[in-house]
Amino acid sequence: MLRLLNGLRDAPDFESYEGPVLLGGNATGVFMHEMVGHRLESGYRGGLFKTFGTKIFPDFIQIIDDPTTSCYNDIQLTGHYKYDDEGCPAQAVTCIKDGVLLSMLTSRTPYYAGSVSNGHGRGEVDKETIARQANFFVSTSRPVTDSKIRKMFVNELKRQNLE
C-alpha cells in the first residue's frame, strides 16, 4: 500500500486533453448512459437538451429508450417493465433519429407545456418519481469493424496533429 501511495504521490500531473477519444467495451455504455442518457431524462436538472429538431449527433446515430423490450441477443434486460411507477404504460421512445433530437423521456411531471408521460416515471423509496432511462439503445446506420474504426481514429489524430 505504501508503494502504491508513493507512486500516486510521485505521478505526473494529468494534463487536460481536447480531441478525439475512442471508447470501447463497457466504457462506451457507461459514457452514453451518463453523458447522454441522463440528459434525455426530463427530470435531470430540468433536462439539458431543450430544442427539439436540433441536430446534436452525427446523422448516423439513433437513440431509443424502450422499457417494453425484455430480451436482447438472448440477454434478459433489467430495464423491462409494462407500467412505470406512476401507472402509465411503458413506451419505446425515439429520442434521437438521424442525429436529431426528437423527444425526451417523460413522467407525469410536465417537462414543457403540453407534455405527457411516455411511461418513463421511475421512483425510489426515498426520492420523487422522475423520468428515467429503461433500456437505452444507441445504434448507427453506418457500422464499421473494430479495425476500420481504429484506422479512422488514427487518421483523425493525424489530421489534427495529435499524438
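Residues numbered from 1 in each chain as written. Predicted model: local features only at pLDDT ≥ 70, side-chain atom pairs only at ≥ 80, totals over all residues. Heavy atoms only, no water.

Visitor: Would you explain the pairing of strand 4 (residues 93–97) in this entry?
Guide: Along any regular strand the residues' side chains alternate between the sheet's two faces. Judged from the three bridges that link them, strand 1 (residues 61–65) and strand 4 form a sheet pairing that is antiparallel. When the sheet's bridge partners are listed, Asp 65 is paired in strand 4 with Val 93. Summarising the sheet, strand 4 and strand 5 (residues 100–101) pair through two bridges and their orientation is antiparallel. For Ile 96, the partnering residue across the bridge sits in strand 5 and is Leu 101. Hairpin remark: strand 4 followed by strand 5, antiparallel, with two residues in the connecting loop; positive phi at Asp 98, about 50°. (Pairing = 2+ DSSP bridges. Helix = DSSP H or I, 4+ residues; strand = E, 2+ residues; numbered from the N terminus.)

Visitor: Is there a simple way to think about the pairing of strand 7 (residues 127–131) in this case?
Guide: Across three bridges, the pairing between strand 6 (residues 121–124) and strand 7 is antiparallel. Along strand 7, the bridge assignment pairs Arg 122 with Ile 130. Hairpin geometry of strand 6 and strand 7 is characterised by an intervening segment of two residues between the two adjacent antiparallel strands.

Visitor: Can you walk me through the pattern of salt bridges in this structure?
Guide: A side chain with one charge may pair with a side chain of the opposite charge, provided their charged atoms come close. Under the definition given, this model contains four salt bridges. Residue Glu 156 is joined to Arg 159 by a salt bridge in which the shortest nitrogen-to-oxygen separation is 2.7 Å. Note that Glu 156 and Arg 159 are positioned in helix 3 (residues 146–159) at a spacing of three residues, about one turn of the helix. (Salt bridge = Lys/Arg side-chain N within 4 Å of Asp/Glu carboxyl O.)

Visitor: Which parts of the structure should I look at to understand the sheet that holds strand 5?
Guide: Within a sheet, neighbouring strands are paired by backbone hydrogen bonds and run either parallel or antiparallel to one another. Taking strand neighbours across the sheet as the criterion, the four strands line up as 5-4-1-8 in an open arrangement whose pairing is antiparallel. The open sheet has two edge strands with one neighbour each: strand 5 and strand 8 (136–140). Its contacts with the sheet place helix 2 (residues 26–37) against strand 1 and strand 8, and it is angled at close to 105° to strand 8. (Contact = heavy atoms within 4.5 Å. Axes fitted to C-alpha atoms, helices over the stretch in contact; angles between N-to-C directions.)

Visitor: I would appreciate a short explanation of the layout of surface pockets in the present structure.
Guide: Estimates place the volume of the largest pocket at around 1,500 Å³. Lining the largest pocket are 33 residues, with Leu 23, Thr 28, Met 32, Ile 61 and Val 138 positioned closest to its centre. Contributions of two or more residues to the lining of the largest pocket are made by helix 2, strand 8 and helix 3. The greatest single-element share of the lining of the largest pocket, amounting to six residues, is contributed by helix 2. Here the residues of the lining of the largest pocket are counted per class, giving 21 nonpolar, nine polar and three charged. (1 Å grid on protein atoms, 1.4 Å probe; cavity = no way out; pocket = protein on both sides within 12 Å on 5 of 7 lines; lining within 4 Å. Points joined across faces, edges and corners; volume = space filled by probe spheres on them. Nonpolar A, V, L, I, M, F, W, Y, C, P; charged D, E, K, R; others polar.)

Visitor: Hey, could you run me through helix 2 in this one?
Guide: Spacing of three or four residues puts side chains on the same side of an α-helix, whose turn is 3.6 residues. For helix 2, every residue scored as buried is listed here: Met 32, Val 36 and Gly 37. Across the axial projection of helix 2, the buried residues extend over an arc of 80°, all falling on one side. Exposed residues on helix 2 whose side chains face more than 90 degrees from its buried face are Asn 26 and Val 30. Those residues of helix 2 that are buried lie in contact with strand 1 and strand 8. (Buried < 20%, exposed > 50% of the residue type's maximum accessible area, 1.4 Å probe, protein only. Arc of directions from axis to C-beta.)

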